[in-house]
Amino acid sequence: MSRMCELTGKAVLVGNNVSHANNRTKRRFLPNLCQVTLISDVLGQRYRLRVSAAALRSVEHRGGLDAFLIKASENELSMRARLLRRQIVKKSAEAAVAA
């Protein structure tokens, strides 16, 4: 399992530890990933996702998982999130036609 956010694509960055003597050693900056359960209102199901804390705040700000996925571009989402996004778009389009 890669250390990558499933919703934003935020991944590991590489940099240097710089000592007082200006010695540089490689280090990794890991994203703050959390295993969370998010609820899709359109599909009526729960989904366990591995997302960063920043992505979790963005989901809440945009009004839930459905609104976040609809607004997000597909190239930054994981394959699982892309599939979920397509299902949400399809189901909401069916609901719009029926109404």
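The structure displayed is predicted, hence computed values, not measured ones.

**Student:** Summarise the overall build of the protein; cite the residues concerned and give the values.
**Tutor:** In terms of regular secondary structure, the protein is built from 3 helices and 4 strands. Rg of the C-alpha trace for the protein: 18 Å, well past the compact-globule value of 13 Å for 99 residues, more than 25% over. Referenced to the eigenvectors of the C-alpha coordinate spread, the extents of the protein come out at roughly 70 × 25 × 20 Å. Put simply, the protein has 99 residues, and 27% of those count as buried. Long-range contacts, defined here as pairs at least 24 residues apart, represent 41% of the contacts in the protein between residues at least 6 apart. As presented, the protein carries roughly 6,900 Å² of accessible surface, and 52% of it is formed by carbon and sulfur atoms. Across the protein, the 18 positively charged side chains and the 7 negatively charged ones have centroids separated by 12 Å.

**Student:** How would you sum up the pairing of strand S1 (residues 13-18)? Please name residues and give values.
**Tutor:** Two elements, S1 and strand S2 (residues 24-29), share 6 bridges in a ladder whose sense is antiparallel. Its bridge partner lying in S2, Asn17 is registered against Thr25. Following S1, the chain reverses through 5 residues before pairing antiparallel with S2; Asn22 in that reversal takes a positive phi of roughly 65 degrees.

**Student:** Summarise the pattern of salt bridges; cite the residues concerned and give the values.
**Tutor:** The final tally for this structure, using the stated rule, is 3 salt bridges. The residue Arg80 makes a salt bridge to Glu6 at a minimum N-O spacing of 3.6 Å. Placement of Arg80 in helix H3 (residues 79-98) and of Glu6 in the segment before S1 is noted, with a sequence separation of 74 residues between them. Taking the relative accessible area as the measure of exposure, Arg80 reaches 42% and is therefore partly exposed. On the accessibility criterion, Glu6 (13% relative accessible area) is buried. What emerges from the salt-bridge pattern is a single network uniting Glu74, Arg85 and Arg86.

Reading guide: rules and limits
Each chain carries its own residue numbering, running from 1 in the written order of its sequence. In keeping with the model being predicted, local features are shown solely for residues with a pLDDT of at least 70 and side-chain atom pairs are shown and tallied solely at 80 or more, while totals for entire chains, interfaces and linings include all residues. Side-chain measures were taken over the full set of non-hydrogen atoms in the model, leaving aside hydrogen atoms and water. Secondary structure follows DSSP: runs of H or I at least 4 residues long count as helices, runs of E at least 2 residues long count as strands, and numbering of each begins at the N terminus. The globule rule is 2.2 Å times the number of residues to the power 0.38, and the radius of gyration it is compared with is taken over C-alpha atoms. Only protein chains enter the calculation, and the probe is 1.4 Å; a residue is then buried if its accessible area is under 20% of its type maximum, exposed if over 50%, and partly exposed in between. The contact criterion used is simple: two residues touch if any of their non-hydrogen atoms lie within 4.5 Å. Residue burial considers only the protein chains on display, and all accessible areas are found by Shrake-Rupley using a 1.4 Å probe. In this charge count, Lys and Arg are treated as positive and Asp and Glu as negative; neither His nor the chain ends contribute. Each charge is placed at NZ for Lys, CZ for Arg, CG for Asp and CD for Glu. Note on pairing: two strands pair once DSSP finds at least 2 bridges between them. Salt bridge, as used here: a side-chain nitrogen of Lys or Arg that lies within 4 Å of a carboxyl oxygen of Asp or Glu.

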